Amino acid sequence: MFEITLYHYLVLSLILFAIGFIGIIISKNIIKVLICIEIVMSAINLNFIAFTAYKNYLFLSGMIFALFITAISALQTAIGLVLIYQIYKNKEKITSEEIEELKG
Amino acid sequence: MDFFANNIFLIMFLPLWICLIIISGAFIRLTENRKMTAFLTSISTLTGLIFSIALFNYVKSPQPIVIEDSFSWLNIDNLNIYLGVLLDSTSAIFLVILMLISLLIQIYSYGYMKNKEEFSKYFIYLNFFNFAMTGLILSPNLIQLYIFWELVGVASYLLIGFFHKKEDVSLSAKKVFIINRFGDTALLAGIIFFAYFSITYMNQQPNEFLAFSDLDYFHNQLQSLTYPNVYNLVLSLFLIGAFVKSAQFPFQQWLIDAMKAPTPVSALIHSATMVCAGIFLIIRIYPLLSDELLKIILSLGLITAVLCAFIAISQNNIKKMLAYSTSSQLGLMFTAIGLQSIPVAIIYLVIHSFTKALLFLCTGNISQISNSIETKDISGLRKIDFYLAIYWIIGALSLSGLFFGGFTSKEMLLNVAENNKSILFLILLTSFMSTFYIFRTYFNIFEGNKREEYKIINERTMSFALMTMVIFVIFPGFLFKVSQINMLCLLAIGIGITAIFSAYFSSKCNKIMIPPLLYKLSQNELFIPNLYNFIGRLFNLIYFAVNIIDKYVIEGFINITVKITKFISNIISKLQNGNIQTYVSYSIFSIGIILLIILYLYFMALRS
Amino acid sequence: MTDNFIPLIVFTPLIMSLILYSPFIADDEKIIRRVSKGFITIHFTLTVLCSIFFNFSNPDFIIETDYQWIDVLGINANFAFDSLTMLFVILTSFIFLIAIYLSKSMIKKSYRLYYSLIFILLTAILGVFSAKDIFLFFLFWELELIPMYLLIQKWGSGNKQKTAMKFLLYTFFGSIFILLGFLILYYLNFKLTGTLSSDINDIDIISAPEILRDLIFFLLLIGFGVKLPIIPLHGWLSDVHSQAPTPVSIILSSILLKLGAYGILRFNLQMFNYEFQVFAIYIMLFALINIIYASFCAIMQKDIKRIIAFSGIANMGIFLLGISSLNSIGITGGIFQLFSHAFISAGLFTIAGLIYIKCGTKNIARITGLGEKMPRLMFISIPILLASIGTPLLCGYIAEFLSFTGAFLMQTEGIFSAKVLSLIALTVLIFSSIYILKIFHGVFFNTIKIKNRKISDINTKQLIILFILTICIIIFGIFPFLLTDIIREYTNITYNPQGVF
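Residues numbered from 1 in each chain as written. Chains lettered and ligands numbered in written order. Predicted model: local features only at pLDDT ≥ 70, side-chain atom pairs only at ≥ 80, totals over all residues. Heavy atoms only, no water.

The helix and strand inventory of chain B stands at 23 helices and 2 strands. In terms of overall dimensions, chain B is more spread out than a globule: its C-alpha atoms have a radius of gyration of 32 Å, far above the 25 Å expected for 608 residues. Projected onto its principal axes, the C-alpha coordinates of chain B cover approximately 125 × 65 × 60 Å. Every one of the 608 residues in chain B was classed for burial, and the buried ones make up 58%. (Helix = DSSP H or I, 4+ residues; strand = E, 2+ residues; numbered from the N terminus. Rg over C-alpha atoms; globule rule 2.2 N^0.38 Å. Buried < 20%, exposed > 50% of the residue type's maximum accessible area, 1.4 Å probe, protein only.)

So, about the interface of chain A and chain B. Listed as interface residues are 12 residues of chain A and, on the opposing side, 10 residues of chain B. If you look at where chain A meets chain B, you find 0 salt bridges. Seen at the junction of chain A and chain B, the total is 2 residue pairs in polar contact (both at pLDDT 80 or more). Looking at which element gives the most residues to the side of chain A that touches chain B, the answer is helix 1 (residues 6-26) of chain A, with 4 residues. (Contact = heavy atoms within 4.5 Å. Salt bridge = Lys/Arg side-chain N within 4 Å of Asp/Glu carboxyl O. Polar contact = N/O pair within 3.5 Å; in protein donor to acceptor, adjacent residues only side chain to side chain.)

All right, on to the packing of aromatic side chains then. Under the criterion given, the structure shown has 73 aromatic pairs over all chains. Geometrically, the ring pair formed by Phe128(B) and Phe131(B) is tilted, given 6.2 Å between the ring centres and 45° between the ring planes. Of the two residues, Phe128(B) and Phe131(B) are both situated in helix 5 (residues 119-137); the distance of 3 residues between them amounts to about one turn of the helix. On the basis of relative accessibility, which here comes to 4%, the residue Phe131(B) falls in the buried class. Aromatic side chains Phe173(C) and Phe177(C) sit 5.3 Å apart centroid to centroid with 90° between the ring planes, which places their arrangement in the edge-to-face category. A residue pair is termed a helical-turn pair when its members lie 3 or 4 positions apart in one helix, as Phe173(C) and Phe177(C) do in helix 7 (residues 160-193) at 4 residues. Taking relative accessible area as the criterion, Phe177(C) reaches 22% and is therefore assigned partly exposed. One aromatic cluster is present, formed by Trp392(B), Phe439(B), Tyr442(B), Phe443(B), Phe446(B), Tyr504(B) and Phe505(B) through successive ring pairs. (Phe/Tyr/Trp six-rings, centres within 6.5 Å; stacked < 30°, edge-to-face > 60°.)

Residues shown with low pLDDT carry predicted positions that ought not to be read at fine detail. Residues and elements named next belong to chain C. Scored by pLDDT, chain C has a mean of 89; 98% of the residues are at 70 or more. Taken element by element, chain C is modelled with least confidence in helix 14 (residues 370-373), mean pLDDT 83, and with most confidence in helix 12 (residues 304-323), mean pLDDT 94. Across the interfaces of the predicted complex, the ipTM metric reaches 0.91, alongside a pTM of 0.89. (pLDDT = per-residue confidence, 0-100.)

Here we take up the pairing of strand 1 (residues 63-70) of chain C. Residue and element names in this part refer to chain C. With 6 bridges connecting them, strand 1 and strand 2 (residues 75-81) associate as antiparallel partners. Along strand 2, the bridge assignment pairs Ile63 with Phe81. Hairpin connection, strand 1 to strand 2: the antiparallel pair is bridged by 4 residues, and Gly74 has positive phi, about 80°. (Pairing = 2+ DSSP bridges.)

Moving on to the side chain of Lys358(C). Residue and element names in this part refer to chain C. Considering the arrangement of structural elements, one finds Lys358 in helix 13 (residues 328-359). Buried Lys358, no salt bridge; nearest opposite-charge side chain is Asp457, N-O distance 6.7 Å. A polar contact is formed between the side chain of Lys358 and the backbone oxygen of Asp457, at a distance of 3.5 Å. With sequence-adjacent residues up to four places away left out, Lys358 is seen in contact with Met374, Arg453, Ile455, Ser456, Asp457, Ile458 and Gln462. (Lys, Arg positive; Asp, Glu negative; His and termini not counted.)

Mean pLDDT over chain B: 84, with 95% of residues reaching 70 or higher. Within chain B, the lowest mean pLDDT, 71, falls on helix 1 (residues 2-6) of chain B, and the highest, 92, falls on helix 6 (residues 142-160) of chain B.

This is the structure:
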């Protein structure tokens, strides 16, 4: 078998990033947008860990940063869910096409 | 005598002082004491009269003396304007006439305006006019002359618009002021030209800036420096100013509109004093005039005399007729100047002032008796007020040059014009028409059936003023000796008597025996008012066009800028569609493009 | 002693405007009005006191005060009073005095804000006149826009929001040119002399290439021309004058137009003297367009304040005509015109404002016959209206006569002749009399048309204000040497006038 180099991981994280990004832009439902943000976060995580593992595994900052990103993404999701819930309570709809207060 | 000579300025400032007293009295609302107002005014004029008579004697004999005194007013490098007084025989004569007629008219006005409102305002304006006219007569240089020239115009405008509640009065006052303004602009242009000549070409002037005593010096210098056509053109600006002020053709329209003023004002300003300002100006700049200009003055004076007399024949409004008569007589005065005899012009002016003032005062009485100034509304006044008829006849005889003062002056004029047949013919034609229209008016108004509603006026001041004026019309005739009774004299008298008879027949038959076309021309005042209206409308069109440009081009420019800005901002604001995902995609795409550019530059740098 | 005058005169109004919001002054109309009137009277007395200490007979005499500001860039807060500035400072204080005393009848709401804004405006204007540093000049130039905008927007009449916005944006547009000019000037100075400095006296760009100097000249001319105004940059003027409240109209036409004139005097005439001499005849052509075009526009207007606004443009044209004649007679006449027009237009707008508050409308067609109800106003407005058309013994005549004579005396080669332009400009006497008489006859003559409103005559206080203005007009008409001597000396030293042979 061929060896799994750094580049495979980077391509994987790029694919995940692209999927997540397109999901953010395209999704009509806001909860889908949240999920896709998670996907993007995990892609970034993968990127960091891949670099640390293949280049300099004694350089712990990369790993620690990955832990930080995980924690913060969890927080972010929580807060996002609260905000979505408030929007739902006020408006009864959570599709991005119908929330256009900032228009104009 | 020194007291009078040193205090000439008192004549000028006393009316101004009285004017200020009346203003403060009217504003502080002390009791409006009409007698005191008129009394103070008359006292100031009387003082002026005493001064001017004393000074007239002083400068006349035994040899001509000139009193001159001035102080520097405005001084900027080469422009050094002085103000002061200049008293020589010309100004002394004008001053005496002004003070005398002014005094009599003030006394008359007290009676005339007694029952009308705004009495003190009238006297404020009269005093102001006195001040301005005195300043004009006593000016030692052209600039002070212009200052008081304009102030006299202002005083005349304020007095014309006195009855400001009537609509036609307001329109007339406006027209008068604007036509006078046109003449003033021409005069100012001429003065500025002269200032230019004086500053540029003449470094050492013997006296102050543009002084009248310098004019001989000017004349000699300028003749050699400029082209004669340019010189004549510049001086014709002065002539235009004088012609407008003295209501010559084609500028006589303002005098006709000025008849909306109260009648004593017409007597004072528009027959005896202000309209003489034009003649005064020409006399003052006489040393500068070349032969061509004198010819122009002569011809224009004659044209005015004949045309205005022609229009006056068919007028039915007494004041209009007298206004045209004034223009016509002033034209004869300009003719005298054009024939290079200034003393004749001055004597003619003196006698005409008194005569015309007398006729206007009679008109004042007539208008108070009959409440109208149209001849078709009045008849039979002789049976009501016999003395008024006598006064009118005396004035008419003097105006037509048949007897009293007018005879002397007319005879002098004819003697001066002796050698020139065509001028003589025109002067005689004018005197025929003058006699005709003034006596026709007499026969129309004073003869005929008496109307029941007329009552004689019993106002002492008015009668006193009238009687005194009559004395001054009669007397000068006997002061000057008649040189000889020659053919010309007899011819003139014969023409006059013929005119009186034709006037009598014309008023009997109630029509004038001239071809109907000429009659139509005369009655419509040669269509000159229509010409003025047309010019006014033409200018209205120009103003309208400029306004359209302002509204649509310049404001349109601003509006187009606004519209373009709004359009662009509308397009760009479509980018904000309220959808956050769109914003996210904008930012990521921009980052992507920047990254691509950086990569591209990095690889270009790597390669080279 | 003299060092303290400048901050006292220039900055105290700003402090006063803050004091008005302090708890010391209760929110009571009477107290606010009294405090403001008291302050402006003290301020005016201060300026008169300062002028007594000022030595007018020596045209080089200056009072200077310098403060450090952005020293790194050479931009310092330098103030200076020289003869011209001192005269303008006295004029400004006087006109503000008139405007504040007049505000009693015309401003009926939000007094605190109003008087604060007026005082900030006063500081800004005095700052423009006394600034010696170009960026300080620009700071104060922009500062006066904000109070003006708020004043028009809140207390104006008619379509005030749109007009206030138009004024703000239009004048900002002009200021862009001024800023550009100043920046290029500053940079050129740095390039040529090697020092960073933005003081007017230190800037020396004689050796700059001619095209750059011409560029700065035109940028500054356009920028100041928006304020002056020079046609075709006058679009903001008639709307603003018509819809601003009357005291603001008075300040606007008496002082703010003179800011543009002051800028032209200080920069285009003093700093760029050579370029001005090159382009003088074209500036004279624009002056002529100002005069004739504005007079024609004024004749057809129906709103009293608009007529007066256009007459202001025509008078500023006479100023430009006098200035561009390049000899001391004309320049003195032009500067004198600034002062005489300040008094005259203050009087005119006061009359228009009084008519507006008494009759409720500005349209001449609807107001007639006020002469029977308001004889006092009619009488006192006669000298003011006559002064506006150039009647002698009133100050308008001196200014016009000197400007026209100066323009006529200018030597020109080439196609345009100054003499022809000056003669055409003389017709302003006729046209101005047409529209002034239109105001006078339209308002005061004939019989009264407004039936359902009780119209009373003006009260004594308003009469005294008009009377004071009339006295000023008459005094400077009869004794013009009071001002012209000072201006003449200043002109001969500062502006390098061409001799008149």
